[in-house]
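Each chain is listed here by its residues.
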Amino acid sequence: MNKKFPLTGISSVAIHASGHENADYSHLTPIYASSTFTFDSAQQGSDRFAGADKTRIYSRWGNPTFTVAEEIIAALESFGIQDESGNPLRVKALLHASGQAAMTTLFFSTLKAGDTVLTHFSLYGGTQELLQKVLGDTGVKTTIVDMRNLNLVEEALKNDPSIKLVHIETPANPTIQCVDIDAVTKLAKQRNLLVSVDNTFATPYLQQPFKYGVDFVFHSTTKFLNGHGTAIGGVLLGKDLEFMRTRVWKWHALLGGNSNPFDAFLLTQGIKTLEIRMDRHCSNAMKVAEYLAGHHAIAHVNYNGLPSHPDFAVTQKQMKHPGALMSYELKGGLDAGRRFIDALQMCVRAVSLGTLDTLVSHPATMSHFGLKPEERLQYGITDGLIRMSVGIENIEDLIADLDQALQKA
Ligand SMILES: *Cc1c(COP(=O)(O)O)cnc(C)c1O
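Rules of the game
- Residues numbered from 1 in each chain as written.
- Predicted model: local features only at pLDDT ≥ 70, side-chain atom pairs only at ≥ 80, totals over all residues.
- Heavy atoms only, no water.
- Domains from an automatic or database assignment.
- Contact = heavy atoms within 4.5 Å.
- Buried area = accessible area lost by both parts, 1.4 Å probe.
- Salt bridge = Lys/Arg side-chain N within 4 Å of Asp/Glu carboxyl O.
- Polar contact = N/O pair within 3.5 Å; in protein donor to acceptor, adjacent residues only side chain to side chain.
- Nonpolar A, V, L, I, M, F, W, Y, C, P; charged D, E, K, R; others polar.
- Near = heavy atom within 4 Å.
- Areas by Shrake-Rupley, 256 points an atom, 1.4 Å probe, with all protein chains shown as cover.
- 1 Å grid on protein atoms, 1.4 Å probe; cavity = no way out; pocket = protein on both sides within 12 Å on 5 of 7 lines; lining within 4 Å.
- Sits in = over half its atoms within 2 Å of the grid points.
- Helix = DSSP H or I, 4+ residues; strand = E, 2+ residues; numbered from the N terminus.
- Points joined across faces, edges and corners; volume = space filled by probe spheres on them.
- Axes fitted to C-alpha atoms, helices over the stretch in contact; angles between N-to-C directions.
- Parallel < 35°, antiparallel > 145°, perpendicular 65-115°, else oblique.
- Left-handed = near helix turned anticlockwise from the far one by under 90°.
- Pairing = 2+ DSSP bridges.

(A) Region of the structure containing the domain arrangement of the chain. What the domain assignment lists for the chain is domain 1 (10–271) and domain 2 (275–407). Spacing between the C-alpha centres of domain 1 and domain 2 amounts to 27 Å. Contacts between the two partners involve 35 residues from domain 1, matched on the other side by 36 residues from domain 2. Overall, the association of domain 1 and domain 2 removes approximately 3,000 Å² of surface from exposure, summing both partners, and the carbon and sulfur fraction of that is 57%. At the boundary of domain 1 and domain 2, one finds 2 salt bridges. Inspection of the region where domain 1 meets domain 2 yields 17 residue pairs in polar contact (both at pLDDT 80 or more). When its residues are assigned to classes, the side of domain 1 that touches domain 2 shows 16 nonpolar, 15 polar and 4 charged.

See the structure below:
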């Protein structure tokens, strides 16, 4: 950040944190739609390859439009955090084509055949399949435990010396389970293991995993960071700058999961309103959860901001606000759930999350359709469960839409 004084608020950081100087005085950093960058001379070309000249070379390795988004996300995830020597923490971000691409770089750059990843049983479907199918074929094993039970984490770490990486996703889909980042990181660090956190649901505004000494933070930027549903993207951040600049950067470049300038531009514009969007997403979600929990047609609501949620205490400990994701079941089960979804008039039927509009999906027949019913039950996904990403519409309209649809269910 090359600003004259330290910025003290998250919106100021989201808007001003990039140090990129724009040619031609353009207000916004342009979409640098260029695959390659020119050299004035043979000497300049070799200086760039040797690292003496930091100017770009080739867009798979980096592009000025990506750098702006990377600098802003790095500033947000490290905002207000100090390193071991009491200096402001510095982290490096690498923008990717998707969350899946960023996750691939994370796993391939930290794990090799014979290593094991320890993770939580309620995990984003793509992450779970990537671990089991792709990484599994390369000889990397995955051990899954309920990480909300610290005894199970400790036992797994003690019994399996092949564990190299502990991967936490919190809050997690679709029952909004939360894992205690501080407690699990402490257990992992007793054994010098790497820890990564998928912070997609929370965003750095609600939760900053680097506070607890984790090594990597991951986002699908497709969700709240972009916020407008205009582009797929992912980012991987790390606090070991040397490791990030060498091995992780190299693996990122070789695997080829780079972003593109247009999507990076859309992401940068979206991030600027993160704080005010999240405030509205969150206050709407709390009101919707309370409304649903009190409705006679609803059997139960999974929202980590309700004291009835099993992870309410962990949420209070590590999140500024519980966020905008929830799931619920109607008393009439699957049939009533389908009638309810079909009757919605303003809320949108779609998977994904973190967009301005409220999105409603049915995990058993949509995002988790590929799992066996007994596997789904293990994740708390009953056939009637409805997942909702609460948008920033006016709360009166949101409640009115839910209300009329519940009457028709
Ligand atoms: C969407 C999502 C991903 C995958 O990201 P893509 O951008 O779809 O590749 C990973 N983790 C979580 C928690 C997600 O919601």
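(B) Here's a closer look at the site of the ligand. By nearness alone, 14 residues border the ligand, and Gln100, Asp198, Ser220, Thr222 and Lys223 come closest of all. One of the backbone N or O atoms of Gln100 is found 2.9 Å from an oxygen atom in the ligand. Protein burial of the ligand: of its 380 Å² of free accessible surface, 93% is covered by the chains. Among the detected pockets, the ligand sits in the second largest pocket. Of all the elements in the fold, those that place two or more residues in the shell around the ligand are helix H4 (99–110) and strand E6 (216–220). The residue makeup of the shell around the ligand, split by class, is 4 nonpolar, 7 polar and 3 charged.

(C) Region of interest: empty space enclosed by the protein. Across all of its chains, the model carries 2 cavities of 30 Å³ or more by this definition. The space that makes up the largest cavity amounts to roughly 50 Å³. In terms of lining residues, the largest cavity is bounded by Leu95, His96, Thr221, Thr222, Asn226, Ala231, Ile232, Gly233, Ser259, Asp263, Ala264 and Leu267. Elements represented by at least two residues in the lining of the largest cavity include exactly strand E1 (92–96) and helix H10 (261–271). At 3 residues, H10 tops the list of elements feeding residues into the lining of the largest cavity. Partitioned by chemical class, the residues of the lining of the largest cavity number 5 nonpolar, 6 polar and 1 charged.

(D) Structural view of the layout of surface pockets. Quantified by volume, the largest pocket comes out at close to 1,700 Å³. Residue lining of the largest pocket: 47 residues in total, with Thr67, Glu71, Arg90, Lys92 and Arg245 positioned closest to the centre. Broken down by secondary-structure element, the contributors of at least two residues to the lining of the largest pocket are helix H2 (42–50), helix H3 (64–78), E1 and helix H9 (241–255). Looking at which element gives the most residues to the lining of the largest pocket, the answer is H3, with 8 residues. Among the residues making up the lining of the largest pocket, the classes are represented as 25 nonpolar, 11 polar and 11 charged. Each pocket or cavity is described by its volume, and for the second largest pocket that value is around 720 Å³.

(E) Looking closely at the packing of helix H11 (residues 274–293) against helix H15 (residues 395–408). Two elements in contact, H11 and H15, have axes separated by 10 Å at closest approach and are oriented at 30 degrees. The angle between H11 and H15 falls in the class roughly parallel. For the element pair H11 and H15, the recorded crossing hand is right-handed. Contacts between H11 and H15 involve Asn284, Lys287, Val288, Tyr291 and Leu292 from the former and Ile395, Leu398, Ile399, Leu402, Asp403 and Leu406 from the latter. Here the residues of the contact of H11 with H15 are counted per class, giving 8 nonpolar, 1 polar and 2 charged.

(F) Focus on the sheet that holds strand E10 (residues 348–349). Pairing is mixed in the open sheet, where 5 strands are placed in the order E8-E9-E12-E11-E10. Edge positions in the sheet fall to strand E8 (298–302) and E10, since each has one partner strand and no second. Across 3 bridges, the pairing between strand E11 (residues 359–361) and strand E12 (residues 385–389) is antiparallel. Looking at E12, one finds that Leu359 is bridged to Ser389. Across the sheet, helix H13 (residues 333–343) lies against strand E9 (325–330), E10, E11 and E12, angled at about 125 degrees from E9, the strand it touches most.

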